[in-house]
Amino acid sequence: EETQAQEEKYQAVLQRAREEQENINIEIKNLEQEIRRQLSSQKTNNFDWQNISGDGTLAWPVNPYKGISAYFMDPSYYAFFGINHYAIDIPTPQGTPIHAPADGYMVRYRDAGYGYSYIVLLHANGISTVYGHVTSSFVSEGAYVYKEQVIGLTGGMPGTWGAGWLTTGPHLHFEVRINGVPVNPLNYLPSL
């Protein structure tokens, strides 16, 4: 009976985490669309968003010297958590600086306390990038960022600031989206 009660609690927590993750995915897509609409008709901080440069290639936001622990749409991730994985997970020590992979615009830092915290950047060519399980951001919303600029710090250690429910260790959850739709980040990054 005790085991069954614990399983029911676990399933309830897992369901809340799944719902939170899907809501965040929708939130990011809607936010990106709205910001792109706003930026397309104005200059931001004396910067002409229409003329942002970029060829669609990105730099690694953290050094991938430990490889990749979960891949884009990884079936083992779905089997474990029960949700799709729209990113790659890059293992890295807690508090590693996150570098902007291209010039862009800081859209959002969601500080969720001990919940899932993330950063969203917009780039040229319809590209946006999302950084999950972050402990802090060094850039204000609305600011222009340059390629390689430090934008925040990684997290992911269970039970720490910004980690959220769905984490198994320190890493950076890194998403690439084209016009709001998640795509495989490895298609836009230099080979390992």
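For the structure itself, consult the block above.
First things first, this report covers the structure right here in the doc. (Residues numbered from 1 in each chain as written. Predicted model: local features only at pLDDT ≥ 70, side-chain atom pairs only at ≥ 80, totals over all residues. Heavy atoms only, no water.)

Strand pairing within a sheet occurs via backbone hydrogen bonds; the two strands may be parallel or antiparallel. Sheet architecture is open: three strands sit in the order E4-E10-E8, paired in antiparallel fashion. Taken across any chain shown, the strands that pair with only one partner, and hence form the sheet edges, are strand E4 (97-99) and strand E8 (134-137). On average, each strand axis in the sheet is inclined to that of its neighbour by 35 degrees, with strand direction left out of account. Direction of pairing for E8 relative to strand E10 (residues 150-154): antiparallel, over a ladder of three bridges. (Pairing = 2+ DSSP bridges. Helix = DSSP H or I, 4+ residues; strand = E, 2+ residues; numbered from the N terminus. Axes fitted to C-alpha atoms, helices over the stretch in contact; angles between N-to-C directions.)

The next point concerns the packing of aromatic side chains. Evaluation of the coordinates by the stated rule reveals six aromatic pairs. Pairing Tyr116 with Tyr118 gives two aromatic rings, centres 6.0 Å apart and planes at 35 degrees, and the pair type is tilted. The pair formed by Tyr116 and Tyr118 is uniform in burial state, with each residue classed as buried. Following the ring pairs from residue to residue traces out a cluster consisting of Tyr77, Phe80 and Phe81. (Phe/Tyr/Trp six-rings, centres within 6.5 Å; stacked < 30°, edge-to-face > 60°. Buried < 20%, exposed > 50% of the residue type's maximum accessible area, 1.4 Å probe, protein only.)

Note on placement: Asp111 falls in the loop between strand E5 (104-110) and strand E6 (118-122). When the C-alpha atoms of Asp111 and Gly162 are compared, they prove to be 6.8 Å apart, with 51 residues separating the residues in sequence. For Asp111, the contacting residues outside a window of four places in its chain are Ser117 and Trp161. In terms of polar contacts, Asp111 uses its side chain to reach the side chain of Trp161, at 3.0 Å. (Contact = heavy atoms within 4.5 Å. Polar contact = N/O pair within 3.5 Å; in protein donor to acceptor, adjacent residues only side chain to side chain.)

Ile119, Leu121, Tyr131, Ile151 and Phe174 are the most contacted members of the largest nonpolar core, which has 24 residues in total. Mapped onto this core, the elements with two or more residues apiece are strand E3 (88-91), E5, E6, strand E7 (127-132) and strand E11 (171-178). Excluding its chain neighbours within four sequence positions, the residues that come into contact with Phe174 are Leu58, Pro61, Ala87, Ile88, Ile90, Pro101, Thr129, Val130, Tyr131, Pro185 and Leu189. In this structure, Ile24, Leu39, Tyr105 and Tyr116 belong to the second largest nonpolar core, which totals twelve residues. (Core = buried A, V, L, I, M, F, W, Y, C linked by side-chain atoms within 4.5 Å.)

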